[in-house]
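Structural description and commentary
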Amino acid sequence: MPTKESLYPTDWLRIAEKDYTRVEYLLTAHDPEAAGFYLQQAIEKFLKSFLLSKGWQLQRIHDLEPLLNEALKHDSSFEQYRSILQRITGFYFIDRYPLVLDTSITEEDVRQAHSQSRSLVDSIRSSLER
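About the cut-offs
- Residues numbered from 1 in each chain as written.
- Predicted model: local features only at pLDDT ≥ 70, side-chain atom pairs only at ≥ 80, totals over all residues.
- Heavy atoms only, no water.
- Helix = DSSP H or I, 4+ residues; strand = E, 2+ residues; numbered from the N terminus.
- Rg over C-alpha atoms; globule rule 2.2 N^0.38 Å.
- Contact = heavy atoms within 4.5 Å.
- Areas by Shrake-Rupley, 256 points an atom, 1.4 Å probe, with all protein chains shown as cover.
- Lys, Arg positive; Asp, Glu negative; His and termini not counted.
- Charge placed at Lys NZ, Arg CZ, Asp CG, Glu CD.
- Core = buried A, V, L, I, M, F, W, Y, C linked by side-chain atoms within 4.5 Å.
- Buried < 20%, exposed > 50% of the residue type's maximum accessible area, 1.4 Å probe, protein only.

As for the overall build of the protein
Helices and strands together make up the secondary structure of the protein, namely 5 helices and 0 strands. Whereas a compact globule of 130 residues would reach a radius of gyration of roughly 14 Å, the protein reaches 14 Å, a difference of no more than 12%. For the protein, the C-alpha atoms occupy an extent of roughly 40 × 40 × 25 Å along the three principal directions. Partitioning the intrachain contacts of the protein with sequence separation of at least 6 by distance along the chain shows that 63% fall at a separation of at least 24. Total accessible area on the protein stands at roughly 7,500 Å², and carbon and sulfur atoms take up 51% of it. Counting 16 positive and 20 negative side-chain charges, the protein places the averaged centre of each group 7 Å from the other.

Right under this line is the structure:
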């Protein structure tokens with residue numbers, strides 16, 4: 001039986017925070033693929049939380065760029081994160097699907113992406129506190 005996903009921004013934010021915390025734990029455990037996956041999951045949920053707070057209709061999507069395009073309708077400053085979100089989306093696919101090309105990611109790749117996405121996360125957190 002399919003479950004229905006919450007449409008409440010705070011529910012998505014709660015899970016986003018858990019996933020975001022997992023990134024550091026997985027980096028400490030020297031598992032950059034899982035850390036990259038959870039970074040993508042966290043950013044996806046942060047963006048969905050933001051969008052739901054703006055009345056957006058929930059969609060099943062893992063590519064961060066279409067979510068960013070929707071978010072830009074409400075906050076044009078998010079454009080500065082496009083390239084890092086494209087990179088983070090790649091982490092999801094690396095961990096979830098067998099690829100023919102060598103697509104290994106390093107702890108440094110994930111640490112850098114995590115750091116570069118932090119101000120986006122902080123912006124979303126503060127917008128939801130208002």
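After that view of the structure, there is still more to cover.
Considering the nonpolar core
With 36 residues, the main nonpolar core has L39, I43, L85 and I88 as its most contacted residues. Every element with two or more residues in this core is listed here: α1 (9–28), α2 (32–53), α3 (64–71), α4 (82–96) and α5 (107–129). Among the elements that take part in this core, α2 stands out by supplying 10 residues, more than any other. Dropping the residues within four chain positions of it, I88 is found in contact with L39, Q40, I43, L64, A113 and S117.

The values are spatial; any link to function lies outside them.
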